[in-house]
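# Survey of secondary and tertiary structure
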Amino acid sequence: MQSLQVSSVPLPALRGWHPGEQAVQAIIHLPERVAITAIVDRLPEQHRIFHTSRLHFLPVTTLDQQGRPWASILCSNDGMPSFISSPTDASLTVKARLWPGDPIIQNCTVQLHDKKPLFSGIGLEVSTRRRNKFAGHISNVSFRDLDVDLTLAVTQALGLCPKYINIRSITPFHGVSPRLIYEQFNLGDEECLPDDVIEFIHAADTAFLSTSYVAAQEDENTYPSRVGINHRGGRSGFVRVRPSDGKTLVLPNYAGNRMMNSLGDIHITPVAGIVFPSFSTGSILHVTGKAETLYGASARALMPNMNIISTIYATGFSFVENAIPLRETGPAERSPYSPPVCYLAEEKPPSLSFADITLSLIRTRVLNDTLITLTFESSRPVDIHPSQNCVLELSEFLRKRSHELLHWEEDESTVNDDCVRTWTISKLPTPDAPCTLSITMRAIKGGLITPILYQLTRSVDPQLTGEYIDVADLKVCARLRGVGGDLPVPEPLAACDGGRRLLWIAGGIGLTPFLSLTRHVANLAARGFGVWDVTLVLSTQEPEVMLSLIQEAFVDMSSGKIDGRQSPPDLTYSIHVYSPRQFRLPWSFPPFISLIPHEGRLDDRGTLFGDVDAKFREPHICGPLPFVLNAMKSLQAAGVDPERVKRERFTY
């Protein structure tokens, strides 16, 4: 890989959300979940390494002469990565092979309003769901037939939400022979999309949405014009085409990072483009058109059960077969977040639909004034691995059952909520209880679902005993959308192979995936599988509660019967706790667990990580974004290669 010029520290790129983003956030009454400072003015070092070494393709947005956004997908001529380079932290160069019918051929020299051609791209590694976005303008372009060299000036960079990315393994394909089937960049009002194009859309599970924000003259200095591109994914057929006109695409809006970039752009500049790639055939469909976002009753009238949708009335499209020099090597792994396909009111849905698993709430426990543990029983056994999370839909509970059990009033902020939430599973099903799982969660101030669940849990334990309370009679249910999670599950290694040396780094409630991992490791150690050396670094304002959860993870294991005192063979477990105050536990850990308290915060100088030999451990981090960034800085200071760090953060 090429050497990269050393980056300076990225700074915030924007002064605030632009008027469209602000308007949409107000329409759906969203509290600010991600600060505008998350968008930085240059490429962080990890983004540069990612773009230049990991990507087989690059979805991008350009504008045509009419100001319409088009989405394209850039690849090298042979489908290999490393077709992107980064001379500086504010620039990228792309050497790509295009195909006939790609709108970028005409667009990348278009200068609207005497400005350089705007540009946006999203780097996405479909095998890992890693993704990073950037935006800026084209500073130079040259063509040799269908080969293009682009030099891009980057002014914005941002990490993105991975929720609806379907995991697939792709490999270069050398048998491409692009065949232009349709090229109609200006589609008349009386013309429709061909039937085979509509069938292609209804078979797609992945798309990339391109948008444009054209600033008003008085806003240009504060909120400059720009283009954007974002991933859209779901189950096959999640994007629908209206049968009544054969040209209006309907996109359900699934809850993501809640920045509302795309919807905000459409609110101000009502145009959008979308590209659908097929990694099984190499075909690609480009569409652009007039865009509109519908909310609440208007959305549900068109697509029942969806509170927010965007429509694109096609005004141009092109369709090319066997164009993308990539092929998937097996079936895609559907994102666990993706809901069943929502059909249009004017469509006849298929008779068979996806049957989600039902979870019934059977026990609750109050841990403190914000933390609770809920235990569910699933309608059938579910395959769940340590550190994974579950995606629950609680619409029936929120809209109906909660009102029967509690006194609370819905307001405008609840109308457009999809009632879908994701929580890490802190206790997995066991062979003895294959349908039982537990979730430990925090009631989020300003949130909707978690405060109600906390209120319910508190209502059945008014004395705050901290004990598990049987609540099966309350008949509270949720639907399981799916199971996912990025943190790997460590397998045992024998002493002759060096054993496992793990480093788990948790910020606050980010401890939850490590609870199930702790149970996993302790069970293996108790049965004599592997040699384990675990260091857990925990930063928390609630040390007593968090440490009690860790202690519970060691008690009454399904195998090995660790009773809290017995030392399992070949397991050492060290806990470093960073807390703003001193604390004292009313109990002690068993001998094989060492507890080392630290007052204050984890520093970014790498002192602790140097002391625990982090370079020679397998590091995993889970926590809120500021904590993850600080921990990454500290690890790097201790000499840890950031590419080795497995990360899971709470950004949505």
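In what follows, the accompanying structure is described.

Cut-offs and rules
- Residues numbered from 1 in each chain as written.
- Predicted model: local features only at pLDDT ≥ 70, side-chain atom pairs only at ≥ 80, totals over all residues.
- Heavy atoms only, no water.
- Salt bridge = Lys/Arg side-chain N within 4 Å of Asp/Glu carboxyl O.
- Helix = DSSP H or I, 4+ residues; strand = E, 2+ residues; numbered from the N terminus.
- Buried < 20%, exposed > 50% of the residue type's maximum accessible area, 1.4 Å probe, protein only.
- Pairing = 2+ DSSP bridges.
- 1 Å grid on protein atoms, 1.4 Å probe; cavity = no way out; pocket = protein on both sides within 12 Å on 5 of 7 lines; lining within 4 Å.
- Points joined across faces, edges and corners; volume = space filled by probe spheres on them.
- Nonpolar A, V, L, I, M, F, W, Y, C, P; charged D, E, K, R; others polar.
- Axes fitted to C-alpha atoms, helices over the stretch in contact; angles between N-to-C directions.
- Contact = heavy atoms within 4.5 Å.
- Phe/Tyr/Trp six-rings, centres within 6.5 Å; stacked < 30°, edge-to-face > 60°.
- Lys NZ or Arg CZ within 6 Å of the ring centre and 35° of its normal.
- Parallel < 35°, antiparallel > 145°, perpendicular 65-115°, else oblique.
- Left-handed = near helix turned anticlockwise from the far one by under 90°.
- Expected span 1.5 Å × (residues − 1).
- Core = buried A, V, L, I, M, F, W, Y, C linked by side-chain atoms within 4.5 Å.
- Disulfide = S-S within 2.5 Å.

Moving on, we get to the pattern of salt bridges. In this structure the tally under the stated criterion is 26 salt bridges. Here Arg54 ties to Glu125 by a salt bridge, and the two come within 2.9 Å at their closest N and O atoms. With Arg54 in the loop between helix 2 (45-53) and strand 1 (58-63) and Glu125 in strand 5 (residues 118-125), this residue pair connects regions lying 71 residues apart in the sequence. Its relative accessible area of 9% is what places Glu125 among the buried residues. Its salt-bridge partner being Asp149, residue Lys95 comes within 3.1 Å of it at the nearest N-O pair. Residue Lys95 is found in strand 4 (residues 91-97), and its partner Asp149 is found in strand 7 (residues 147-159); the two are separated by 54 residues along the sequence. Relative accessible area serves as the criterion here: at 52%, Lys95 is assigned to the exposed category.

Another point: the pairing of strand 22 (residues 436-442). Among the seven residues in strand 22, six count as buried, and that is most of the element. Here seven bridges tie strand 19 (residues 371-378) to strand 22, and the two strands are oriented antiparallel to one another. Along strand 22, the bridge assignment pairs Leu374 with Ile439. Here two bridges tie strand 21 (residues 420-427) to strand 22, and the two strands are oriented antiparallel to one another. Bridging from a neighbouring strand, Ile425 pairs with Ile439 of strand 22.

One pass over the full model with this rule turns up five cavities of 30 Å³ or more. By volume, the largest cavity is sized at about 180 Å³. Of all the secondary structure elements, the ones that give two or more residues to the lining of the largest cavity are strand 6 (130-144), strand 7, strand 11 (226-233) and helix 5 (261-268). Of the residues that constitute the lining of the largest cavity, the class distribution is seven nonpolar, four polar and four charged. Roughly 80 Å³ of volume is contained in the second largest cavity. At the level of secondary structure, the elements contributing two or more residues to the lining of the second largest cavity comprise strand 21, strand 22, helix 10 (512-526) and helix 11 (543-554). Looking at the lining of the second largest cavity residue by residue, the class counts come to three nonpolar, four polar and three charged.

Although it is not a glycine, Ser82 sits at a positive phi angle of roughly 70 degrees. Relative to the assigned elements, Ser82 resides in the loop between strand 2 (69-74) and strand 3 (84-88). Owing to a relative accessible area of 52%, Ser82 belongs among the exposed residues under this scheme. Although it is not a glycine, Asn322 adopts a positive phi angle of roughly 50 degrees.

Taking strand neighbours across the sheet as the criterion, the seven strands line up as 2-1-5-6-7-4-3 in an open arrangement whose pairing is antiparallel. The two strands at the open ends of the sheet, each matched to only one other strand, are strand 2 and strand 3. Here the strands of the sheet are splayed against their neighbours by 30 degrees on average, with no regard to which way each runs. In this sheet, strand 2 lies alongside strand 1 in antiparallel orientation, the contact comprising six bridges. What sits directly across from Thr62, in strand 2, is Trp70. Seen against the sheet, helix 2 touches strand 3, strand 4, strand 5, strand 6 and strand 7 and runs at an angle of roughly 145 degrees to strand 3.

When you line up the elements, Pro429 lands in the loop between strand 21 and strand 22. Each C-alpha atom, one on Pro429 and one on Arg500, is 24 Å from the other, the two residues being 71 residues apart in sequence. Residues in contact with Pro429, not counting those within four places in the same chain, are Val382, Ile384, Pro434, Cys435, Thr436 and Leu437.

Our focus in this paragraph is the packing of aromatic side chains. Counted under the stated rule, the structure contains 12 aromatic pairs. Both rings, one in Phe554 and one in Phe592, keep their centres 5.4 Å apart while their planes meet at 75 degrees; by these two values the pair is edge-to-face. Highlighted residues: Phe554 in helix 11 and Phe592 in the loop between strand 27 (571-579) and strand 28 (593-599), separated in sequence by 38 residues. By the burial criterion, Phe554 is buried, and Phe592 matches it. The rings of Trp504, Phe514, Phe554, Tyr573 and Phe592 are connected pair by pair, giving a single aromatic cluster. Just above the ring of Phe173 sits the side chain of Arg327; from NZ or CZ to the centre is 3.9 Å.

Let us look at the packing of helix 7 (residues 395-405) against helix 9 (residues 449-459). Between helix 7 and helix 9, the least distance of the axes is 11 Å, while the angle of their chain directions is 30 degrees. As far as their axial angle goes, helix 9 and helix 7 are roughly parallel. Crossing handedness for the pair helix 7 and helix 9: left-handed. Note on element contacts: helix 9 touches helix 7 through Ile449, Ile452, Leu453 and Leu456, opposite Phe397, Leu398, Ser402 and Leu405. Along the lines of polarity and charge, the residues of the contact of helix 7 with helix 9 split into seven nonpolar, one polar and no charged.

If you check helix 11, its first and last C-alpha atoms are 17 Å apart, about what 12 residues at 1.5 Å a residue would give, namely 16 Å. With respect to burial, helix 11 is a largely interior element, nine of its 12 residues being buried. All of the buried residues along helix 11 are Pro543, Val545, Met546, Leu547, Ser548, Leu549, Ile550, Ala553 and Phe554. On its buried face, helix 11 is in contact with strand 19, strand 22, helix 10, strand 26 (532-539), strand 27 and strand 28.

To continue, consider the nonpolar core. With 40 residues, the main nonpolar core has Leu193, Ile201, Leu249, Ile274, Phe276, Leu285 and Ile309 as its most contacted residues. Counting only elements with at least two residues in this core, the list comes to helix 4 (195-203), strand 10 (206-213), strand 13 (248-252), strand 14 (271-277), strand 15 (284-295), helix 6 (297-302) and strand 16 (308-321). Here this core takes five residues from strand 16, the largest share from any one element. Among residues more than four places away in sequence, those in contact with Leu193 are Leu187, Ile198, Ile201, Gly246, Lys247, Leu249, Ala314 and Phe317.

Evaluated as defined, the whole model comprises zero disulfides. Distance from the sulfur of Cys108, which forms no disulfide, to the nearest cysteine sulfur (Cys75) is 16 Å. According to the relative accessible area criterion, Cys108 is buried, its value standing at 2%. Cys390 takes part in no disulfide bond, and the closest cysteine sulfur to it belongs to Cys622, at a distance of 14 Å. Residue classification places Cys390 among the buried residues on the basis of a relative accessible area of 2%.

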